[in-house]
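# Examining the three-dimensional arrangement
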Amino acid sequence: MEQKHYNTAGRAKLVQYLAANATETPRSAEDIYAGLSREEGAPGYSSVYRLLSKLANEGCVRRLRAPAPARGYLYQYTGAHDCRAHFHLHCLSCGSVTHLECDCGNEIASHLFSRHGFATDPGRSVLYGTCAACQTAIKGETV
């Protein structure tokens, strides 16, 4: 059953803000609200949280657990890009998220199912680690 949504002024303002400020680094709802609140007609604090949750359920915003010691969630605008079919790589150093759109994700999912009886939800599956750029920077600092 297709979920219906109302295109309210607050929702439109939030989506417009997210699209204009799209980045590979997810941001907290507080950061999004702080940036959005400077604009006229911006939705309130609780509305931003509610709308982000709805947009995440619809697939145009990605929701990730914030790495420790932070709590809560981080949000990343995906727009029309469908993230439900592939795994993601989340760098714990810089916070970037990379879409793993190669066949490797399918191989991982297939292995987990055939060998362990575990069916993954690729769009919600995130591998945490350190991206190549951060690894290079870390190596450069220690040499």
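Residues numbered from 1 in each chain as written. Predicted model: local features only at pLDDT ≥ 70, side-chain atom pairs only at ≥ 80, totals over all residues. Heavy atoms only, no water.

The next subject is the pattern of salt bridges. As enumerated under the stated definition, the model contains 2 salt bridges in all. Measuring nitrogen to oxygen at the nearest pair gives 2.5 Å for the salt bridge that ties Glu58 to Arg11. Highlighted residues: Glu58 in helix α3 (residues 45-58) and Arg11 in helix α1 (residues 9-20), separated in sequence by 47 residues. What makes Glu58 partly exposed here is its relative accessible area of 25%. Take Arg11: its relative accessible area is 6%, and that puts it in the buried class. Lys13 is paired through a salt bridge with Glu39; the nearest N and O atoms lie 3.9 Å apart. Of this pair, Lys13 sits in helix α1 while Glu39 sits in the loop between α2 (29-36) and α3, and the two are 26 residues apart along the sequence. (Salt bridge = Lys/Arg side-chain N within 4 Å of Asp/Glu carboxyl O. Helix = DSSP H or I, 4+ residues; strand = E, 2+ residues; numbered from the N terminus. Buried < 20%, exposed > 50% of the residue type's maximum accessible area, 1.4 Å probe, protein only.)

Take the sheet that holds strand β3 (residues 73-77) next. Judged by pairing direction, the sheet is antiparallel, and its 3 strands sit side by side in the order β1-β3-β2 without closing on themselves. Each of the sheet's edge strands pairs with one partner strand only, and the pair in question is β1 (27-28) and β2 (61-65). Taken together, the 5 bridges between β2 and β3 define a ladder with antiparallel strand orientation. Bridging from a neighbouring strand, Val61 pairs with Tyr77 of β3. (Pairing = 2+ DSSP bridges.)

Bear in mind that shape data such as this cannot, by itself, settle questions of function.
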